[in-house]
Amino acid sequence: MTKSAKLTIGEKVIDLPIHSPTLGPDVLDIRKLYAEADVFTYDPGFTSTAACESTITYIDGDKGELLYRGYPIEQLAERSHYLEVCYLLLYGELPNAAQAADFEYRITRHTMLHEQIHYFFRGFRRDSHPMATMVGVVGAMSAFYHDSLDINDPWQREVAAIRMIAKLPTIAAMAYKYSIGQPFNYPQNHLDYAGNFLHMCFAVPAESYTVNPVLAKAMDRIMMLHADHEQNASTSTVRLAGSSGANPFACIAAGIACLWGPAHGGANQACLEMLREIGTVDRIPEYIRRAKDKDDPFRLMGFGHRVYKNFDPRAKVMKESADEVLGLLGIENNPTLQVAKELERIALEDEYFVSKKLYPNVDFYSGIILDAMGFPTSMFTPIFAISRTVGWISQWKEMIGDPTQKIGRPRQLYKGEKTRDYVDLRHR
Ligand code: SDX
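Residues numbered from 1 in each chain as written. Predicted model: local features only at pLDDT ≥ 70, side-chain atom pairs only at ≥ 80, totals over all residues. Heavy atoms only, no water.

By the naming in an unreviewed UniProt entry, the protein chain is Citrate synthase, taken from Cereibacter azotoformans. Here is the UniProt Sequence similarities (unreviewed entry) comment for the protein chain, exactly as written: "Belongs to the citrate synthase family." Under the UniProt heading Catalytic activity (unreviewed entry), the entry covering the protein chain gives this text: "oxaloacetate + acetyl-CoA + H2O = citrate + CoA + H(+)". (UniProt positions renumbered as here; feature names shortened; annotations may be inferred.)

This is the structure in structure tokens:
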């Protein structure tokens, strides 16, 4: 029996269907509201709005739960690896051995970039932020890979997806090398996905480079934790861009641009810079005070979340990984890690953060691990972008593959001038 809600507006009573999900809250279907009642709903930050139907990722903010295709992130982080998670997000099921081998083969053999694309980098200043370079180069991929631009061809959609997952690490590593004036490294097919990325970032022609397996495993886990996250700002950007029929490379470039913001994927860079600015444990109370001061724009970066009103499950795994990696590297007394742990302890005992349900999010500890690996803070968000590309592409494929999808076109609450006549300059 279909559930529904009755909305009374003046003399009108509108029946609004209620749809029940597999997990999570019911949704009120308001698609006919404007036609029947001549009113819009108003939800500027989309805090109460389901923009689409999806089967990919589920988040329960109250329980601190994150599922990729139904599998809890904690189990995947412990027992899976990034390319297997990519397969799961893209195709909906964990691969068997043959499917996993074929997928890894296809990704591995798409990691190189068209040689002409190397020249794109030359146009950027050396001190460009790698995110600026990545937005430019990923968008420009649509100027090269003309055989995977037709979004109506399932095969071309598949090729574009493989190319993006395979090439984003190469592009990010090139952006990093370009920013430090070192030569690019080509991908090495004998290395796994995370190890290949570390090699492309840190190998130099002057000496041999061996991937540290501890760091490669930590990088792979960081990539799994960031792979997808329901309808966050950058994923919603990719979906909205895709709804116009834009090609997949342009849509992913739009997602990278949105992720860059410090309220979103840029928070990992901002968080480590904040921890460094705090510097020592005795300076934490001053920053806690500032974070609570409404007249001070300062916020605790890496804290709070639109959905998680409990611990971000990714932050828990990331914190364990930070302890493990820094311990194995013999830097467990890393001052930044000590400040982070003390800041978390103090904040979680403070009424302001407790009452507003502000907990560490995925960005709070990730920067400490990436810093220990040798990455500059400017590379933190590019690494988030590499990881999230599979989520963006999976959500984009789901939307494009939906025969009922249409261009996204929100309306507004207009508070501007009423109609008025033009006044000639001589009368103003
Ligand atoms: C990511 O959506 C996703 O899923 C994103 C992400 C993903 O995987 O895609 O999870 C990745 O973006 C994680 C979030 C990274 N951002 C940061 O760490 C930046 C710092 N956090 C905040 O800017 C903020 O918490 C947001 C943006 C994350 C969430 O903001 P909301 O949901 O719009 O919440 P809000 O701004 O309305 O805050 C609610 C209250 C406010 O106080 P009041 O107006 O009610 O008095 O909490 C306060 C805020 O001032 N608050 C903070 C705070 N975050 C919120 N106060 C101090 N420090 C903070 N970090």
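**Student:** What should I look at first to understand the site of the ligand in this one?
**Tutor:** Taken together, 24 residues lie around the ligand, and His229, His305, Arg306, Arg314 and Arg388 are the ones closest in. In this structure, a nitrogen atom belonging to the ligand sits 2.8 Å away from a main-chain N or O atom of Phe303. Coverage of the ligand by the protein amounts to 77% of the 1100 Å² it exposes when considered alone. Its residues assigned to classes, the shell around the ligand comprises 10 nonpolar, 7 polar and 7 charged. Taken together, domain 2 (91-259 + 378-399) and domain 3 (264-371) each give at least three residues to the shell around the ligand, which thus spans both. (Near = heavy atom within 4 Å. Polar contact = N/O pair within 3.5 Å; in protein donor to acceptor, adjacent residues only side chain to side chain. Areas by Shrake-Rupley, 256 points an atom, 1.4 Å probe, with all protein chains shown as cover. Nonpolar A, V, L, I, M, F, W, Y, C, P; charged D, E, K, R; others polar. Domains from an automatic or database assignment.)

**Student:** It is not clear to me how the pairing of strand S2 (residues 12-19) should be interpreted in this structure. Could you clarify?
**Tutor:** Every other side chain in a regular strand lies on the same face of the sheet, so the side chains alternate between the two faces. Sheet topology places strand S1 (residues 3-9) next to S2; 7 bridges connect them, and they run antiparallel. Residue pairing for S2: Thr8 is matched across the bridge by Val13. Counted between consecutive antiparallel strands, the loop separating S1 from S2 contains 2 residues, among which Gly10 sits at a positive phi close to 60°. Pairing of S2 with strand S3 (residues 27-28) involves 2 bridges; the strand directions are antiparallel. Bridging from a neighbouring strand, Ile18 pairs with Leu28 of S3. (Pairing = 2+ DSSP bridges. Helix = DSSP H or I, 4+ residues; strand = E, 2+ residues; numbered from the N terminus.)

**Student:** Please explain empty space enclosed by the protein as it appears in this structure.
**Tutor:** Any empty space left between the atoms is revealed when a probe the size of a water molecule rolls over them. Inspection of the entire model under this criterion finds 2 cavities of 30 Å³ or more. Volume-wise, the largest cavity comes out at about 90 Å³. Surrounding the largest cavity, 14 residues form its lining, Thr108, Thr111, Asp192, Tyr193 and Asn196 being those nearest its centre. The set of elements that each furnish at least two residues to the lining of the largest cavity consists of helix H4 (97-108), helix H7 (154-179) and helix H8 (193-202). Among the elements that line the lining of the largest cavity, the one with the most residues is H8, at 4 residues. In terms of lining residues, the second largest cavity is bounded by Leu113, His118, Thr170, Met174, Phe184, Asn185, Tyr186 and Pro187. Among the residues making up the lining of the second largest cavity, the classes are represented as 5 nonpolar, 3 polar and no charged. (1 Å grid on protein atoms, 1.4 Å probe; cavity = no way out; pocket = protein on both sides within 12 Å on 5 of 7 lines; lining within 4 Å. Points joined across faces, edges and corners; volume = space filled by probe spheres on them.)

**Student:** Just checking my understanding: could you explain the pattern of salt bridges for this structure?
**Tutor:** Side chains carrying opposite charge are able to pair once their charged atoms draw close together. This model, assessed by the stated rule, comprises 21 salt bridges. Across the salt bridge formed by Arg221 and Glu324, the nearest N and O atoms sit 3.7 Å from each other. Taken together, the residues Arg221 in helix H9 (residues 213-225) and Glu324 in helix H14 (residues 313-328) connect sequence positions 103 residues apart. Here Glu324 falls in the partly exposed class, since its relative accessible area comes to 36%. (Salt bridge = Lys/Arg side-chain N within 4 Å of Asp/Glu carboxyl O. Buried < 20%, exposed > 50% of the residue type's maximum accessible area, 1.4 Å probe, protein only.)

**Student:** I tried to follow the sheet that holds S2 on my own but got confused; where do I start?
**Tutor:** In sheet architecture, strand pairing relies on hydrogen bonds along the backbone and comes in two forms, parallel and antiparallel. Here we have 3 strands laid out as an open sheet, ordered S1-S2-S3, and antiparallel in their pairing. On the outer flanks of this sheet lie S1 and S3, each paired with one strand and no other.

**Student:** Honestly, the layout of surface pockets in this entry has me stumped. Any pointers?
**Tutor:** Of the volumes computed, that of the second largest pocket is approximately 210 Å³. Lining the second largest pocket are 14 residues; nearest its centre among them are Ser80, His81, Lys217, Asp220 and Met224. Looking at the lining of the second largest pocket, the elements that each hand over two or more residues are helix H2 (73-79), H8 and H9. With 5 residues, the single largest contributor to the lining of the second largest pocket is H9. Class assignment of the residues belonging to the lining of the second largest pocket gives a composition of 6 nonpolar, 2 polar and 6 charged.

**Student:** Just to check I follow, could you spell out the UniProt feature "active site" (unreviewed entry) in the protein chain for this structure?
**Tutor:** Per the UniProt annotation, the sites labelled "active site" (unreviewed entry) are His305 and Asp363. A maximum C-alpha distance of 10.5 Å is found for the annotated residues, which run over 59 residues; spatially they form one tight group. Secondary-structure assignment places His305 in the loop between helix H13 (284-292) and H14. Using a relative accessible area of 22% as the deciding quantity, one classes His305 as partly exposed. Once residues lying within four places of it in the same chain are set aside, the contact partners of His305 are His229, Asp312, Arg314 and Asn361. Polar side-chain contacts of His305 include one of 2.9 Å to the backbone nitrogen of Val307. As for its position among the elements, Asp363 is in helix H17 (residues 363-373). With a relative accessible area of 6%, Asp363 lands in the buried category. (Contact = heavy atoms within 4.5 Å.)

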